[in-house]
Amino acid sequence: MSDTLWWQHGTIYQIYPRSFQDSNGDGIGDLEGIRQRLPYLTWLGVDAVWISPFYPSPMADFGYDVADYCDVDPIFGTLEDFDRLSTDIHAAGMKLVLDFVPNHTSNRHPWFQESRISRDSAKRDWYIWRDPAPDGGPPNNWISNFGGSAWQFDEATGQYYYHAFLKEQPDLNWRNPEVRWAMHDALRFWLDRGVDGFRVDVIWHLIKDQELRDNPINPAYEPHQRELNRLLEVHSCDQPEVHEVIAEMRAVLEEYDDRVLIGEIYLPIERLMAYYGSDLKGAHLPFNFQLLQSAWDARHIDSLIQEYETALPEGGWPNWVLGNHDQARIADRLGPDQARVAAMLLLTLRGTPTLYYGDEIGMVQVPIPPERVQDPWEKNEPGLGFNRDPARTPMQWDDSDRVGFSNAEPWLPVDHREPTRNVAAQKQDRSSLLCLYKQLLELRRQRKALSVGRYRPVTAEGDILAFRREHEGESILIVLNLGSAAHRLMLDEGTRGRVVLSCLGRKAGEEISGALEISANEGLIVDLTN
Ligand code: GLC
């Protein structure tokens, strides 16, 4: 694999550290817990681990409110635990990606504490402070991502500060070079400790309109939508100057060998592409969330794959995401049958796959009783279906009372409803979703066509999605049935091959030519190499 880099041919596995493994009996996962579970990740066959934030934090947004960029919150352990984890991840041949949250700090971060003291504080301009509007209200109409005004009035100095998320998460002023330098130092702190890269939180938010102009009204807004959608985010994010900031971050990573910069970006494909940067000096991987946001429809997905492939800048490396800590579980959205097809799609598409912990065993949305709600978004905009807790529950290791996650009551409810929806049970069953993931990951490692090969669309109709992956002499056909009725796909004349893997257990080695009968909910990988 030496002609591609690890973050190109490898698979990334996201861990939400509060919910992976508790090692100290407080009901919350920790770094030592992750370390103890590394043999599982090695067995599964992923190449890199991305860990959501574990920095010191008041946990208003569960770690996405950072109070110190260069330490570990005691809930998760210590810097020594981090070093031990990092050493073991590397010893297992895996890479370690951290979550970097540069857009905002916690309101308890010493920088903000200093900034808010007075209008002449040395750190005043590290955040975004403005006088009230003439009527005393907020300086502009911007809305927080979690609902309500994005401006908070601060009595001490009689000004408002801007927060794109919670009021406990004041936005940094990235137009200020001192902020940039301080954040670059935070990156170097972890790079020096050996981390292999960063997933950068809300990277498209870093720069706001210089004049903080009002956002225009969204004429398509509907009342069941989040409040944020009342306006079009024309001035509050995705500003041209953000690319310079990202290029500077990238330059910091380039001081080291072989590191990766991944950007969290929720934008349509045509705007997403700018985040590769001019001369590809932006993010290596601007996250591609198309599969999370699109209807599960073969024709639609087929066209978005082609749109994405066509839009990529020359040399820009693709990537695909099937789940994360902000979205509903994929197995819940699609049901158990299509969750298998989705696994096959994620791991056969061209581009780096990112897998969210628990999706490999088909974890679903876990009901959260009102008194156990944790997510601040749900607390701000209740009952509209925005709660992220159901997708953040403890990893289901076995069918014991606390699913092998902890020996205390976990911070979120555990899911017991299905006796085989756990690692222990599925490891024993070769037909399980977990074993399918393992086989797919193995195949992706064995077959260069799958990990780094070209993508070639294949014409299909109805619920069938088909494409080829090709590398040197290798050619692999992928045929996925996104529907619940059997179909027939007519292969081009002369096309013959052998089944390598079916997500429904069809025998490997079966010969394929002419008319390919594909069962309901079936996904097939066929080797066309002569
Ligand atoms: C990102 C994170 C999300 C967090 C938000 C604010 O979208 O993924 O979990 O709430 O940023 O930091």
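Definitions and cut-offs
- Residues numbered from 1 in each chain as written.
- Predicted model: local features only at pLDDT ≥ 70, side-chain atom pairs only at ≥ 80, totals over all residues.
- Heavy atoms only, no water.
- Helix = DSSP H or I, 4+ residues; strand = E, 2+ residues; numbered from the N terminus.
- Rg over C-alpha atoms; globule rule 2.2 N^0.38 Å.
- Buried < 20%, exposed > 50% of the residue type's maximum accessible area, 1.4 Å probe, protein only.
- Contact = heavy atoms within 4.5 Å.
- Lys, Arg positive; Asp, Glu negative; His and termini not counted.
- Charge placed at Lys NZ, Arg CZ, Asp CG, Glu CD.
- Axes fitted to C-alpha atoms, helices over the stretch in contact; angles between N-to-C directions.
- Parallel < 35°, antiparallel > 145°, perpendicular 65-115°, else oblique.
- Left-handed = near helix turned anticlockwise from the far one by under 90°.
- Pairing = 2+ DSSP bridges.
- Core = buried A, V, L, I, M, F, W, Y, C linked by side-chain atoms within 4.5 Å.
- UniProt positions renumbered as here; feature names shortened; annotations may be inferred.
- Near = heavy atom within 4 Å.
- Polar contact = N/O pair within 3.5 Å; in protein donor to acceptor, adjacent residues only side chain to side chain.
- Areas by Shrake-Rupley, 256 points an atom, 1.4 Å probe, with all protein chains shown as cover.
- Nonpolar A, V, L, I, M, F, W, Y, C, P; charged D, E, K, R; others polar.

Undergrad: With reference to specific residues and values, describe the overall build of the protein.
TA: Helix and strand content of the protein: 15 helices and 19 strands. Rg of the C-alpha trace for the protein: 24 Å, near the compact-globule value of 24 Å for 530 residues, within the 12% margin. Based on the C-alpha atoms only, the size of the protein along its principal axes is roughly 75 × 50 × 50 Å. Out of the 530 residues belonging to the protein, those deemed buried represent 61%. Nonlocal contacts in the protein, meaning residues at least 24 apart in sequence, comprise 68% of its contacts between residues at least 6 apart. Each charge class in the protein was averaged separately, 53 positive and 82 negative side chains, and the resulting centres sit 3 Å apart.

Undergrad: How would you summarise the packing of helix H11 (residues 330–346) against helix H14 (residues 433–446) if you had to cite specific residues and measurements?
TA: Running from N to C, H11 and H14 point in directions that differ by 15°, and their axes come no closer than 10 Å. Relative to H14, the element H11 is oriented roughly parallel. For the pair H11 and H14, the sense of crossing is right-handed. Between H11 and H14, the residues in contact are Ala 339, Arg 340, Ala 343, Met 344 and Leu 346 and Leu 433, Leu 436, Tyr 437, Leu 440 and Arg 444, respectively.

Undergrad: Could you give an account of the environment of Leu 280, naming the residues involved and the relevant values?
TA: Locating Leu 280 in the fold gives a position in the loop between helix H8 (269–272) and strand S9 (285–286). Leu 280 has contacts with Arg 250, Pro 313, Glu 314, Gly 315 and Gly 316, leaving out every residue within four places of it along the chain.

Undergrad: So what's going on with unusual backbone geometry? Residues and values would help.
TA: Look at Asp 279: it is not a glycine, yet its phi comes out positive at around 55°. Considering the arrangement of structural elements, one finds Asp 279 in the loop between H8 and S9. With a phi close to 60°, Asn 521 is a non-glycine residue in the positive phi region. Assignment of secondary structure puts Asn 521 in the loop between strand S18 (515–518) and strand S19 (523–527). Exposure remark for Asn 521: the relative accessible area of 13% places this residue in the buried category.

Undergrad: Can you lay out the pairing of S19 for me, pointing to particular residues and giving the numbers?
TA: Burial of S19 is extensive: five of the five residues sit out of reach of the surface. Of the two faces of S19, the one carrying Gly 523, Ile 525 and Asp 527 and the one carrying Leu 524 and Val 526 are both buried. Relative to S19, strand S16 (residues 496–502) runs antiparallel, the two sharing four bridges. From the neighbouring strand, Leu 501 faces S19, where its bridge partner is Ile 525.

Undergrad: Tell me about the sheet that holds S19, and please be specific about residues and values.
TA: One open sheet accounts for six strands, arranged S12-S13-S14-S19-S16-S17; its pairing is antiparallel. Two strands bound the open sheet, and with one partner strand each, they are strand S12 (454–458) and strand S17 (511–513). For this sheet, the mean inter-axis angle between neighbouring strands, taken without regard to orientation, is 35°. Both S12 and strand S13 (residues 464–471) contribute to a ladder of five bridges, which runs antiparallel. The partner of Pro 457 across the bridge, within S13, is Phe 467. Together, S12 and S13 form the strand contacts of helix H10 (residues 298–311), whose direction differs from that of S13 by roughly 30°.

Undergrad: So what's going on with the nonpolar core? Residues and values would help.
TA: Inside soluble globular proteins, nonpolar side chains tend to come together where they are buried. Tyr 13, Leu 41, Phe 54, Trp 190, Phe 198, Leu 345 and Met 395 are the most contacted members of the largest nonpolar core, which totals 135 residues. Among the elements that line this core, the one with the most residues is H11, at eight residues. Beyond its immediate chain neighbours, meaning those up to four positions away, Trp 190 contacts Phe 54, Tyr 55, Tyr 69, Cys 70, Asp 71, Val 72, Leu 79, Phe 82, Leu 98, Val 195 and Phe 198.

Undergrad: Any details on the UniProt feature "domain: Glycosyl hydrolase family 13 catalytic" (unreviewed entry) in the protein? Residues and values, ideally.
TA: The positions UniProt marks with the feature "domain: Glycosyl hydrolase family 13 catalytic" (unreviewed entry) are residues 14–392. In residues 14–392, the share of helix is 28% and the share of strand is 11%. The end C-alpha atoms are 12 Å apart.

Undergrad: Tell me what's going on with the site of the ligand, and back it up with residues and numbers.
TA: Asp 61, His 104, Asp 201, His 325 and Asp 326 are the nearest of the 14 residues found near the ligand. At 3.0 Å from an oxygen atom of the ligand is found a side-chain nitrogen or oxygen belonging to Arg 388. Relative to its unbound accessible area of 310 Å², the ligand is 96% covered by the protein chains.

Undergrad: Pulling in residues and values, what's your account of the packing of helix H6 (residues 177–192) against helix H7 (residues 242–254)?
TA: Interhelical geometry of H6 versus H7 gives an angle of 30° and a closest axis separation of 10 Å. Judged by the sense of rotation from one axis to the other, the crossing of H6 with H7 is right-handed. Of the residues in H7, those touching H6 at Arg 180, His 184, Leu 187, Arg 188 and Leu 191 are Glu 244, Val 245, Glu 248, Met 249, Val 252 and Leu 253. By residue class, the composition of the contact of H6 with H7 is six nonpolar, one polar and four charged.

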